[in-house]
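Each chain, written out:
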Amino acid sequence: MARFDGRAFNALRPIKFERQINRYAEGSCRVTWGNTIVLCTASVEEKVPPFLRGAGTGWVTAEYSMLPRATKTRTVREITKGKPNSRSSEISRLIGRSLRAATDLTNLGERTITIDCDVLQADGGTRTASISAGFVALFDAFRFLTKEKYLTKIPLVNQVAAVSVGKVKSEIILDLCYEEDSTAEADANFVMTGKGEFVEFQGTGEGGTINYTDMASMIELAQVGTAEILKMQRECLCLTENEAKLFV
């Protein structure tokens, strides 16, 4: 089977991370992932949700949304509807969980970092792009907090990235674009750490099934893909010698 864009089965789309896109945010990153473009900003607030007040720990959360013309037809803004749709809410929670897995919340102190992920253009993989770019923005927010002496050290426990893997026309392929995702027999999103551990796995049959062999192949491809993305993140962050030790 030839892929829609001519890639090999185990190949990622072209990915480019760009830091410090927003002059006001404590951390920001725009990722271009094939034809998907997502802007992530990290905002630091000196407060925590009510359930954490006085607990001596911080919080990392996320909000995800798509601009009206991120897709081929205009989508009504969620603010016009009066509430976020269920998809946006579910993806927001996924991004938040994934980035909390990267953070030493106790050493963050009683403050919140919110990662806003705005999809400028969608062509599949918006949630994996948001997690991967969100990590870069989060790390720069950590840098801000240490530079300004709010923290004595960067509260990092894991590097985190995400990638999709799917089954299309009986073939297991890495990093699905929209045309592949929309016709997939099954697809999954993998969130992994730099240590090769799984933070989260979301998979489902889309008119097809996944057997044990399929799953093993999907995990193998996810490991290959996330390893490449993790490397791109580190290169984009231009780590100092001391910072690089945090990623070992």
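Per chain, residues are indexed from 1 in the order of the written sequence. This being a predicted model, a pLDDT of at least 70 is required before a residue's local features are given, and a value of 80 or more before pairs of side-chain atoms are given or counted; all residues contribute to the totals for chains, interfaces and linings. Here the side-chain values reflect all heavy atoms present in the structure, with hydrogen atoms and water set aside.

Asks: For the sheet that holds strand β5 (residues 112–121), give the residues involved together with the corresponding values.
Replies: Strands sit in the order β1-β2-β3-β5-β4 across an open sheet of five strands; the sheet is mixed. Taken across any chain shown, the strands that pair with only one partner, and hence form the sheet edges, are β1 (15–19) and β4 (59–66). Averaged over all adjacent pairs, the angle separating strand axes in this sheet is 15°, with direction ignored. One ladder, built from five bridges, connects β1 with strand β2 (residues 27–33); its direction is antiparallel. Following the sheet pairing, Glu-18 is matched in β2 by Arg-30. Any two residues whose heavy atoms approach within 4.5 Å are treated as being in contact. Lines are fitted to the C-alpha atoms to define the axes, a helix being fitted only along its stretch in contact, and any angle between axes, read from their N-to-C directions, falls within 0 to 180 degrees. Each helix is a run of H or I in the DSSP string that is no shorter than four residues. Each strand is a run of E no shorter than two, and both are numbered from the N terminus. Across the face of the sheet, helix α4 (residues 126–147) comes into contact with β1, β2, β3 (36–45), β4 and β5 while running at roughly 35° to β3. Here helix α6 (residues 212–237) sits on the sheet in contact with β1 and β2, set at roughly 30° to β1. Pairing between two strands requires that DSSP report at least two bridges joining them.

Asks: Requested: an account of the packing of helix α2 (residues 86–100) against α4, with residues and values cited.
Replies: Here α2 crosses α4 at 40°, and the two axes come no closer than 10 Å. The orientation of α2 relative to α4 falls into the category oblique. For the pair α2 and α4, the sense of crossing is right-handed. Here α2 contributes Arg-87, Glu-90, Ile-91, Leu-94, Ile-95, Ser-98 and Leu-99 to the contact with α4, which in turn contributes Thr-126, Arg-127, Ser-130, Ile-131, Gly-134, Phe-135 and Leu-138. Three residue categories are used. Nonpolar comprises Ala, Val, Leu, Ile, Met, Phe, Trp, Tyr, Cys and Pro, charged comprises Asp, Glu, Lys and Arg, and polar comprises the others, including Gly. Partitioned by chemical class, the residues of the contact of α2 with α4 number seven nonpolar, four polar and three charged. Orientation is classified from the angle alone, with under 35 degrees giving roughly parallel, over 145 giving roughly antiparallel, 65 to 115 giving roughly perpendicular, and any other angle giving oblique. By convention, the crossing between two helices is left-handed when the near helix turns anticlockwise from the far helix through less than a right angle, and right-handed when the turn is clockwise.

Asks: Would you mind going over the nonpolar core in detail, with residue names and values included?
Replies: Here the nonpolar core consists of buried residues drawn from Ala, Val, Leu, Ile, Met, Phe, Trp, Tyr and Cys, with membership extended through side-chain atoms lying within 4.5 Å. Working definition: with a 1.4 Å probe on protein chains only, accessible area under 20% of the residue-type maximum means buried, over 50% means exposed, and in between means partly exposed. Membership of the largest hydrophobic core comes to 58 residues, with the highest contact counts inside it found for Phe-17, Ile-113 and Ile-115. It is α4 that contributes the most residues to this core, eleven residues altogether. Discounting residues that sit within four places of it in the chain, Ile-113 has contacts with Ala-42, Ser-43, Val-44, Trp-59, Val-60, Thr-61, Leu-108, Leu-138, Ala-141, Phe-142 and Leu-145.

Asks: Talk me through the side chain of Thr-41; I want residue IDs and the actual numbers.
Replies: Inspection of the secondary structure assignment puts Thr-41 in strand β3. What makes Thr-41 buried here is its relative accessible area of 11%. In this structure, Thr-41 is in contact with Asn-22, Ala-25, Gly-27, Ser-28, Thr-114, Ile-115 and Asp-116, ignoring residues within four places of it in sequence.

Asks: Which residues make up the pairing of β5, and what values go with them?
Replies: Here β3 pairs with β5 via nine bridges, running antiparallel. Bridge pairing in β5 places Glu-45 opposite Thr-112. For β4 and β5, the ladder comprises eight bridges, and the chain directions are parallel. Among the inter-strand pairings, Thr-61 is bridged to a residue of β5, identified as Thr-114.

Asks: So what's going on with α4? Residues and values would help.
Replies: Residue pairs spaced three or four apart in an α-helix point in one direction, given the helix's 3.6 residues per turn. Residue count minus one, scaled by 1.5 Å, sets the expected span of a helix. Taking 1.5 Å of rise per residue, 22 residues should cover 32 Å, and α4 covers 31 Å from first to last C-alpha, within 8% of that figure. Summarising burial for α4: 20 of the 22 residues are buried, a large majority. A positive backbone phi angle near 70° is found at Lys-149, which sits one or two residues after α4.

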